[in-house]
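So the chains spell out like this:
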Amino acid sequence: MLPLSLTPFALLLQVAVVYGTNWGYTSRDGESHWNQHFPYCAGPLQSPIAFKTAKLIFDASLRPIVLENYDLTGGRNLNLTNSGHSFQVVLPSTMTISGLPQRYTAAQLHIHWGSKTSPLGSEHTVDSKRYAAELHIVHYNSEKYPNVSMAFDKSDGLAVLGVFIEIGAFSPGYDNIFSYLTQIPKKSNSHNIPAFDIRTLMPQRLDEYFRYDGSLTTPPCYQSVQWTVFKNPITVSQAQYDTLTTTLFASSANQAIAVPLINNFRKPLPIENRVVLSSFKLGVTTYMSTTCVLKRKAIVRQLLVGDLEEVIESGLLSASATKLLYQQYAQAELKQPIHGFTSSASVSSKWLSMLKEISQPTVAFGSLLQQKSLEIQQSTTTKSLAVTLADAVLPKLNLNSYLACKADLAPATIKYILSGRPLGNEYEDFFLLDPYLDRYTMHPWLRQMEWED
Ligand SMILES: *[C@@H]1O[C@H](CO)[C@@H](O)[C@H](O)[C@H]1NC(C)=O
Ligand SMILES: *[C@@H]1O[C@H](CO)[C@@H](O)[C@H](O)[C@H]1NC(C)=O
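Summary of the structure given here. Here the structure is a predicted model, which means the values were calculated and not measured. (Residues numbered from 1 in each chain as written. Chains lettered and ligands numbered in written order. Predicted model: local features only at pLDDT ≥ 70, side-chain atom pairs only at ≥ 80, totals over all residues. Heavy atoms only, no water.)

This part takes up the site of ligand 1. Within the structure, ligand 1 sits among P146, N147, S149 and M150. Here an oxygen atom of ligand 1 sits 2.4 Å away from a polar atom, N or O, in the side chain of N147. Across the complex, the protein chains shield 31% of the 360 Å² of accessible surface that ligand 1 would expose by itself. Residue classes in the shell around ligand 1 are distributed as two nonpolar, two polar and no charged. (Near = heavy atom within 4 Å. Polar contact = N/O pair within 3.5 Å; in protein donor to acceptor, adjacent residues only side chain to side chain. Areas by Shrake-Rupley, 256 points an atom, 1.4 Å probe, with all protein chains shown as cover. Nonpolar A, V, L, I, M, F, W, Y, C, P; charged D, E, K, R; others polar.)

Turning next to the sheet that holds strand β8 (residues 125-126). Two modes of strand pairing occur in sheets, parallel and antiparallel, and in both the strands are linked by backbone hydrogen bonds. Ordered by their spatial adjacency, three strands build an open sheet running β1-β8-β9, and the pairing between neighbours is mixed. The two strands at the open ends of the sheet, each matched to only one other strand, are β1 (50-51) and β9 (129-130). In the sheet, β1 pairs with β8 via two bridges, with the strands oriented parallel. Residue A50 lies in a different strand from β8, and its bridge partner there is T125. (Pairing = 2+ DSSP bridges. Helix = DSSP H or I, 4+ residues; strand = E, 2+ residues; numbered from the N terminus.)

Empty space within the largest pocket amounts to approximately 1,000 Å³. In this structure, the largest pocket is lined by 42 residues; those nearest its centre are W23, S83, H85, T218 and P219. The set of elements that each furnish at least two residues to the lining of the largest pocket consists of β5 (87-90), β7 (104-113), β10 (133-141), α3 (148-151) and β11 (158-167). Per element, the largest residue contribution to the lining of the largest pocket is four residues, and it comes from β7. In terms of residue class, the lining of the largest pocket is made up of 20 nonpolar, 19 polar and three charged. (1 Å grid on protein atoms, 1.4 Å probe; cavity = no way out; pocket = protein on both sides within 12 Å on 5 of 7 lines; lining within 4 Å. Points joined across faces, edges and corners; volume = space filled by probe spheres on them.)

See the structure below:
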């Protein structure tokens, strides 16, 4: 797929060029084609997903989302634009949310919808139910990044609030946007609309939601989103829904063929080894506990320097992970202890540098491309770019999620952890590892006791 003669620099240019490629929701340019030009769309932590209430993990530490300065009434006009994929309302940086581990600042909002004849256009689904539409209010991590463009490719860059929309009672809130859609029929059209209270687009209860780690639901599909999808839907009237689904075009004014902007939703992607948390109790729920964190830290310590047999016997890993570990264990038994570790001091400095390396929780997808361009170019002879990128990014993300009790340990991550292990060498200072493992577990979600009412 990529010419092998490209220099790394040319490869970067190539990537930049294909990122400008058109994409959409029709059979020609729809979701099944996205990963040809946007490798992350084939990644392992994609959104949306199908929520299964019986598989949720109730997390008592999840606080209600707190909205700050959402009432924009009387403020500066808001820029409403037809993006060709949806409409977008640009939001002022005074609007923020708290109740998440870090402060997030609003950037924009948009909606995904179905069509007049098929009012089934939400992206997330709940027990296979697809709602009529879904609102996304996009925020970026403003404690760490100066603006949304710096944040949107970082693993901790974005927080999106999702709201399910059903057809029912008229919504005065949504009319603040819908009554201006006729002003922006074609792609790139824009119009200034009076500011209003954004809270009126959201359901009454902000304490009941689903939470998981995922991605942008549109190209380039960066896996940078901490999702909060509210359990309770809000309604718009049939007439309002018809306006939403029949007014806009995906094509621009100078295109000969007008393409209606309908069914602009992506279908659910595999959950893989992610865990979906809920802030509410529903159906069969399991409880998160701090024991989970401690057990998991112990397993990672053992994988790094301890007894592999004990990890296998613990029975706490998935079957595929256990199988891999068993193979590694059998190999280790056959091998002689590796030479080259003459003193415990050199062993520990090697471990410390490796641990520093894996403890960096932020994966900068943009700079990853840059750093890895040569590697990627070489390995695309045997693997696709998407697979290479997933290999490069997955282990760190997965280890982070695993230690936070949000995912199982994937075989790729176990391989990654074992890759620096001095086989057959006993390592005494087991607990020297803890400061590094703690970087993951200092996440506020996990310090439940402090949050308990
Ligand atoms: C975002 O911040 C970066 C770094 O400060 C800056 O270079 C860039 O121009 C900013 N982008 C926008 C859209 O403001
Ligand atoms: C809205 O924002 C876009 C992008 O910045 C800009 O091109 C357009 O002129 C703005 N529209 C209005 C009506 O101000």
